[in-house]
Amino acid sequence: MTSEALAHAESLIAGIPDFPRPGVLFRDISPLLADARALRTVVDAVIEPFAGQFDVVAGIEARGFMLAGAVAVAAGVGMAPIRKAGKLPRPAASVSYALEYGTAEIEMSDDLARGTRVLLVDDILATGGTLRAGQHLLDELGLQLAGTAVLMEVVELGGRSVRGPVDAVFRVWASSASAAAEGPSPPRPPAPTAGGRP
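Keep in mind it's a predicted model, so treat the numbers as computed, not measured.

Draft legend 1. Main features of the pairing of strand β2 (residues 25-28). Of the two faces of β2, the one lined by L25 and R27 is fully buried and the one lined by F26 and D28 carries no buried residue. As judged from the four bridges shared by strand β1 (residues 14-17) and β2, these two strands associate in the antiparallel manner. Opposite G15, over in β2, you have R27 as the bridge partner.

Put into structure tokens, the structure is as follows:
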């Protein structure tokens, strides 16, 4: 994948000002998902730092599902869903985590053998709570975290301080004002080594 291909893929992420509330710049990945070339570019970018180091991809509901499924197919591995509480018929583990206003809970079934190497995938790293909960879920089920990858990291929200090392294809900003001041995504940082650690 080339820097031009990545730039094209990033250009397809639509910024929606003041959604879901004033001052927030929502990142809509639907146009990127609809473009086969761009989708393949970001899927390859997610896989590249972890190639050969994972047996299964775990995707976090909801947009993380779409990305994780594509990554799993391209990498030739299986996919395990991490779902919001109450959506799985036979959850084996659940983890609660804090939101800005309240709490949420995610669950996972016990379909993978203990020790399975799992690449944890979501669409975005914001404050880090969801990814941290996903990591705890894998831990509870005796699975090995091979690494964590996201399509976008919201830079100024500091999710890395909560979640730890993560590979982000793009780095974006939370507000319209920040995005205008900072411009396009800075160069991608060096890929993590085995286990998702830089």
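Draft legend 2. Just unusual backbone geometry, in detail. Cis geometry marks the peptide bond from F19 to P20; its omega dihedral reads 5 degrees. Note that P20 resides in the loop between β1 and β2. At D18, a position not held by glycine, the phi torsion is positive, near 60 degrees. Take D18: it is sitting in the loop between β1 and β2.

Draft legend 3. Quick look at the sheet that holds strand β3 (residues 56-60). A sheet is described by the order of its strands in space; here seven strands give the open sequence β5-β6-β4-β3-β7-β8-β9, paired in mixed fashion. Two strands in the sheet have a free side with no partner beyond their single neighbour: β5 (93-99) and β9 (167-172). Ignoring which end each strand starts from, the neighbouring axes of this sheet average 25 degrees apart. Along the sheet, helix α5 (residues 129-140) makes contact with β3, β4 (78-84), β5, β6 (102-108), β7 (117-125) and β8 (144-154), crossing β5 at roughly 160 degrees.

Draft legend 4. Fine view of the environment of I124. If you trace the backbone, I124 turns up in strand β7. Discounting chain neighbours no more than four positions away, the residues touching I124 are L131, V150, M152 and V154.

Draft legend 5. Representation of helix α3 (residues 36-47) in the model. Its 12 residues give α3 an end-to-end C-alpha distance of 16 Å, which sits within 8% of 16 Å, the value for a rise of 1.5 Å per residue. For α3, the full list of buried residues reads A38, T41, V42, V43, A45, V46 and I47. Buried positions along α3 lie against α1 (3-11), α2 (30-34), α4 (63-75), β7, β8 and β9. At the N-terminal end of α3, a side-chain oxygen is found 3.1 Å from the backbone nitrogen of R37, two or three residues along, and the residue is D35.

What counts, and where the lines are drawn
- Residues numbered from 1 in each chain as written.
- Predicted model: local features only at pLDDT ≥ 70, side-chain atom pairs only at ≥ 80, totals over all residues.
- Heavy atoms only, no water.
- Buried < 20%, exposed > 50% of the residue type's maximum accessible area, 1.4 Å probe, protein only.
- Helix = DSSP H or I, 4+ residues; strand = E, 2+ residues; numbered from the N terminus.
- Pairing = 2+ DSSP bridges.
- Axes fitted to C-alpha atoms, helices over the stretch in contact; angles between N-to-C directions.
- Contact = heavy atoms within 4.5 Å.
- Expected span 1.5 Å × (residues − 1).
- Polar contact = N/O pair within 3.5 Å; in protein donor to acceptor, adjacent residues only side chain to side chain.

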